[in-house]
Amino acid sequence: MAKYDIPVSQINIAGHTKAIRTGKAIEDRLQEGEYYGRCYHAKDELLVDSSLNKSHFSNTFIHEVMEAVNMEYCASKIKHREITCLSNGLHQALKSLGIQFIPRGGKRASSK
């Protein structure tokens, strides 16, 4: 399966540069709130727990990108449940094409 590294430093969504944060400090911060990822619109950043297995990491990354798209294009009108369903479906479709997002270098995510 082809794997594409996510751009760890930033992603552009609707003309806004969003920083992508991963690593041990982010893992600790997310796990305190029992989150896999978070999208902070006011700070223009996406946080993703890089200790997740590769498939879960990819799914979480897609979910957080969709959260940012919802904020930028839909004024946050799409409910979280619908974003979860759509991101799960998109993740499965991309995975079936051999596309999976992994942490830069694939170093932290396990192969599960």
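Residues numbered from 1 in each chain as written. Predicted model: local features only at pLDDT ≥ 70, side-chain atom pairs only at ≥ 80, totals over all residues. Heavy atoms only, no water.

Participant: Break down the side chain of H91 for me, with residues and values.
Facilitator: Looking at the secondary structure, you find H91 in helix α3 (residues 80–96). Take H91: its relative accessible area is 2%, and that puts it in the buried class. Not counting residues within four places of it along the chain, the set of residues in contact with H91 comprises S55, S58, N59 and I62. (Helix = DSSP H or I, 4+ residues; strand = E, 2+ residues; numbered from the N terminus. Buried < 20%, exposed > 50% of the residue type's maximum accessible area, 1.4 Å probe, protein only. Contact = heavy atoms within 4.5 Å.)

Participant: Now, about helix α2 (residues 54–74): what can you tell me, with residues and values included?
Facilitator: In this model, α2 (21 residues) spans 29 Å end to end at C-alpha, consistent with the 30 Å of a helix rising 1.5 Å per residue. A75 sits one or two residues past α2 and shows a positive phi near 50 degrees. (Expected span 1.5 Å × (residues − 1).)

Participant: So what's going on with the sheet that holds strand β3 (residues 16–21)? Residues and values would help.
Facilitator: Read across the open sheet, the 4 strands follow the order β2-β3-β5-β4; overall the sheet is mixed. At either end of the open sheet lies a strand with only one pairing partner, and these are β2 (10–13) and β4 (37–40). Averaged over all pairs of adjacent strands, the angle between their axes in this sheet comes to 20 degrees, without regard to strand direction. Bridge count between β3 and strand β5 (residues 45–48): 3 bridges; the pairing is parallel. For I20, the partnering residue across the bridge sits in β5 and is L46. (Pairing = 2+ DSSP bridges. Axes fitted to C-alpha atoms, helices over the stretch in contact; angles between N-to-C directions.)

Participant: Outline the packing of aromatic side chains, listing residues and values.
Facilitator: This structure, assessed with the given rule, holds 1 aromatic pair. Summarising the aromatic geometry, the rings of F61 and F101 are spaced 5.2 Å apart at their centres and angled 50 degrees between planes, so their arrangement reads as tilted. Of this pair, F61 sits in helix α2 while F101 sits in strand β6 (residues 101–102), and the two are 40 residues apart along the sequence. R38 extends its terminal NZ or CZ atom over the ring of Y35, reaching a point 4.1 Å from the ring centre. Geometry around Y40 places K43 over its ring, the cationic atom sitting 5.8 Å from the centre. (Phe/Tyr/Trp six-rings, centres within 6.5 Å; stacked < 30°, edge-to-face > 60°. Lys NZ or Arg CZ within 6 Å of the ring centre and 35° of its normal.)

Participant: Could you give an account of the pattern of salt bridges, with specific residues and numbers?
Facilitator: If charged atoms from side chains of opposite charge come close, those side chains can pair. Counted under the stated rule, the structure contains 5 salt bridges. Among the salt bridges present, the one from E72 reaches K18, with a minimum N-O distance of 2.9 Å. Taken together, the positions of E72 in helix α2 and K18 in strand β3 put the pair 54 residues apart, joining distant regions of the chain. Across the pair, exposure class does not vary: E72 and K18 are buried alike. If you follow the salt bridges from partner to partner, you end up with K18, D44 and E72 in one network. (Salt bridge = Lys/Arg side-chain N within 4 Å of Asp/Glu carboxyl O.)

Participant: Describe in detail the nonpolar core, supporting the description with residues and values.
Facilitator: In this structure, I13, I20, C39, L46, V48, L52, F57, F61, V65 and A68 together form the largest nonpolar core, which totals 10 residues. Those elements that place two or more of their residues in this core are β5 and α2. Top contributing element to this core by residue count: α2, with 4 residues. Setting aside residues no more than four positions away along its own chain, L46 makes contact with I11, K18, A19, I20, R21, R38, C39, E64, V65 and A68. (Core = buried A, V, L, I, M, F, W, Y, C linked by side-chain atoms within 4.5 Å.)

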